[in-house]
Amino acid sequence: MPDTRVIGSDLEVSGTITQRGVAVSTAPTVRQYGAVGDGVTNDTAAFVAAIAAVPTTGGTVVIPPGTYAINLTINRPKVRLIGSHIGRVNSAVSPAGLVPYDVTQPVITISDDTQLNEGVQLQNLEFNGGGTGYYGLKLRGGCYSQFFENLTIQSFTKKGLWITTDTTFPCAYLYFN
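Residues numbered from 1 in each chain as written. Predicted model: local features only at pLDDT ≥ 70, side-chain atom pairs only at ≥ 80, totals over all residues. Heavy atoms only, no water.

**Q** Would you mind going over a nonpolar patch on the surface in detail, with residue names and values included?
**A** Residues Phe147, Tyr173 and Tyr175 make up a contiguous nonpolar surface patch of roughly 330 Å² in combined accessible area. In this structure, Phe147 sits in strand β15 (residues 143-154). By relative accessible area, which is 38% here, Phe147 ends up partly exposed. (Patch = residues over 30% accessible without salt bridge, like charges linked within 9 Å, V, L, I, M, F, W, Y side chains within 5 Å. Areas by Shrake-Rupley, 256 points an atom, 1.4 Å probe, with all protein chains shown as cover. Salt bridge = Lys/Arg side-chain N within 4 Å of Asp/Glu carboxyl O. Helix = DSSP H or I, 4+ residues; strand = E, 2+ residues; numbered from the N terminus. Buried < 20%, exposed > 50% of the residue type's maximum accessible area, 1.4 Å probe, protein only.)

**Q** Got a sec to walk through the environment of Gly119? Specific residues and values, please.
**A** Structurally, the position occupied by Gly119 is in the loop between β12 (117-118) and β13 (121-128). Beyond its immediate sequence surroundings of up to four residues, Gly119 is in contact with Lys78, Val79, Tyr144, Ser145 and Gln146. (Contact = heavy atoms within 4.5 Å.)

**Q** How would you summarise helix α1 (residues 44-52) if you had to cite specific residues and measurements?
**A** Turning to α1, its buried residues number three or more, namely Thr44, Ala46, Phe47, Ala50 and Ile51. Down the axis, α1 shows its buried residues gathered within 165 degrees of arc, on one side only. Exposed and facing more than 90 degrees away from the buried side of α1 are Ala45 and Ala52. Where α1 is buried, its residues touch β5 (38-42), β6 (59-62), β7 (67-70), β8 (72-74), β9 (79-82) and β10 (97-100). (Arc of directions from axis to C-beta.)

**Q** Tell me about the nonpolar core, and name the residues and values.
**A** Ranked by internal contacts, the top residues of the largest apolar core, which has 29 residues, are Leu81, Leu98, Ile108, Ile110 and Phe127. Elements represented by at least two residues in this core include exactly α1, β7, β8, β9, β11 (108-110), β13, β14 (135-139) and β15. Ranked by residues supplied to this core, first place goes to α1 with 4 residues. In contact with Ile110, other than residues within four places in its own chain, are Ile74, Val120, Leu122, Leu137, Lys138, Leu139, Arg140, Cys143, Gln146 and Phe148. (Core = buried A, V, L, I, M, F, W, Y, C linked by side-chain atoms within 4.5 Å.)

**Q** I'd like a description of unusual backbone geometry, backed by residues and values.
**A** Unlike most non-glycine residues, Asn150 shows phi in positive territory, near 55 degrees. Summarising the element assignment, Asn150 is placed in strand β15. Accessibility expressed as a relative area gives 32% for Asn150, which makes it partly exposed.

**Q** So what about the packing of aromatic side chains? Which residues, and what values?
**A** According to the stated counting rule, one finds 6 aromatic pairs in the structure shown. Here Phe47 and Tyr68 contribute two aromatic rings whose centre-to-centre distance is 5.6 Å and whose plane-to-plane angle is 70 degrees, an arrangement assigned as edge-to-face. Pair noted here: Phe47 is in helix α1 and Tyr68 is in strand β7, with a separation of 21 residues, a long-range link. A single burial state applies to Phe47 and to Tyr68, both of which are buried. (Phe/Tyr/Trp six-rings, centres within 6.5 Å; stacked < 30°, edge-to-face > 60°.)

Here it is in structure tokens:
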């Protein structure tokens, strides 16, 4: 039997849901690992824990509606983060989605140039610097064959999207839609 709970207006389910006799797998959410989503609390540890729960063969982490203050480094392959934020009206005035906890660091950095991190996917996410954050999404050496779909990156003071190749591994085959 799946574990269910209601947070605000969101229903979260963990475990397996059976629909008409067919098992449907559910992905972990960052809230199940302690994310608050209030835009003030540092939710980085919850994101790290949710990603660590994804099998090494790959999987998805769901980011429910909310404002998550993070500075996250993803340094593993085959992880998909899927959110519910796709370019809201007036989002520069009222930041939501992913905001920087430490405004001098990227909200999300993918790879640290120590290995190839193939198959990372980010979907339906809003990165919002609120006019004070320096960096949104940073892709470093080791980003390989990655997919980015329906991202909104706005209101950063230095670089919203920062792609850099380090000394060990290249950034290659990055797909934006």
